[in-house]
Amino acid sequence: MKKLLFVSLLMSILFSCSNDDDTGNAFIADQFPQKWQLIEMTGSIADMPPLTGDNLEWQESYLLQSDNTFIKSRERDNVTTEAKGAFTIKSDAGGSFAELTYETENSLIENCSVELKEIMRFNSVNRMSGISQACDGPGLLYERIE
């Protein structure tokens, strides 16, 4: 009986450990450039399904470069807007995140303050999300495509 309990405990530990390839809070810092494409948008209205693909209100991407600079591009109504700045990768109890600091004030900054900063949380090595939904902004989910 003790052996069965030990094996069961060992199996549950092994299967509960995650791999950073698909879950966790990992950021791969030695692979650049990294392009992150908007794939899903949610609003603050309950029971409203998320928007994806061509149903998104706009198309958007981040290009993170090896010199710790970034370019954010948004296409809306056939008009492309770009903004640039620098980023740093940080960690806290919730995992890894990028702190993006823009060069100038612009309409592309999604945050909960008036700062020229955005926080993008890495949900996995292939997914990141913005945090503006915490202050009634859109919930934005990005997928790494490069």
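Please refer to the structure higher up on the page.
A brief structural summary. (Residues numbered from 1 in each chain as written. Predicted model: local features only at pLDDT ≥ 70, side-chain atom pairs only at ≥ 80, totals over all residues. Heavy atoms only, no water.)

### Regarding the state of the cysteines
In step 1: The final tally for this structure, using the stated rule, is 1 disulfide.
In step 2: Disulfide pairing is shown between C112 and C135; the S-S distance is 2.1 Å. In this structure the cystine formed by C112 and C135 twists about its S-S bond by roughly -85°; its chirality is therefore left-handed. Residue C112 is located in the loop between β6 (95–102) and β7 (117–122), and its partner C135 is located in the loop between β8 (127–130) and β9 (139–144); the two are separated by 23 residues in the primary sequence.
In step 3: Residue C112 is classed as partly exposed on the basis of its relative accessible area, which comes to 45%. (Disulfide = S-S within 2.5 Å. Helix = DSSP H or I, 4+ residues; strand = E, 2+ residues; numbered from the N terminus. Buried < 20%, exposed > 50% of the residue type's maximum accessible area, 1.4 Å probe, protein only.)

### Quick look at the pairing of β9
In step 1: Here β9 lies mainly inside the structure; 5 of its 6 residues are buried.
In step 2: Examined bridge by bridge, strand β1 (residues 34–42) and β9 share 6 bridges and lie antiparallel to one another. Within β9, the position partnered with Q37 by the bridge is E143.
In step 3: With 3 bridges joining them, β8 and β9 adopt antiparallel strand pairing. (Pairing = 2+ DSSP bridges.)

### Let's talk about the nonpolar core
In step 1: By size, the foremost hydrophobic cluster in this structure holds 21 residues, and its most contacted members are Y62 and Y142.
In step 2: At the level of elements, β1, β3 (59–64), β5 (79–92), β6, β7 and β9 are the ones that each hand at least two residues to this core.
In step 3: Once residues lying within four places of it in the same chain are set aside, the contact partners of Y62 are Q34, K35, W36, F70, I71, K72, L100, Y102, E118, M120, M128 and Y142. (Core = buried A, V, L, I, M, F, W, Y, C linked by side-chain atoms within 4.5 Å. Contact = heavy atoms within 4.5 Å.)

### Notes on the environment of P33
In step 1: Here P33 is to be found in the loop between α1 (2–16) and β1.
In step 2: Judged by relative accessible area, which is 44%, P33 ranks as partly exposed.
In step 3: Taking the C-alpha atoms as reference points, P33 and E146, 113 residues apart in sequence, are found 7.2 Å from one another.
In step 4: Setting aside residues up to four positions removed in sequence, P33 forms contacts with L63, L64, R144 and E146.

### Focus on the packing of aromatic side chains
In step 1: With the rule as written, the count across this model stands at 4 aromatic pairs.
In step 2: It is R74 that lies over the ring of W58; its NZ or CZ is 4.2 Å from the centre. (Phe/Tyr/Trp six-rings, centres within 6.5 Å; stacked < 30°, edge-to-face > 60°. Lys NZ or Arg CZ within 6 Å of the ring centre and 35° of its normal.)

### Side note on unusual backbone geometry
In step 1: A cis geometry characterises the amide bond from F32 onward to P33, with omega recorded as -5°.
In step 2: Its identity as a non-glycine residue notwithstanding, N68 has a phi of 65°, on the positive side.
In step 3: Note on placement: N68 falls in the loop between β3 and β4 (69–76).
In step 4: The class for N68 is partly exposed, based on a relative accessible area of 36%.
In step 5: Phi is positive for D136, close to 70°, though the residue is something other than glycine.
In step 6: With respect to the element layout, D136 can be found in the loop between β8 and β9.

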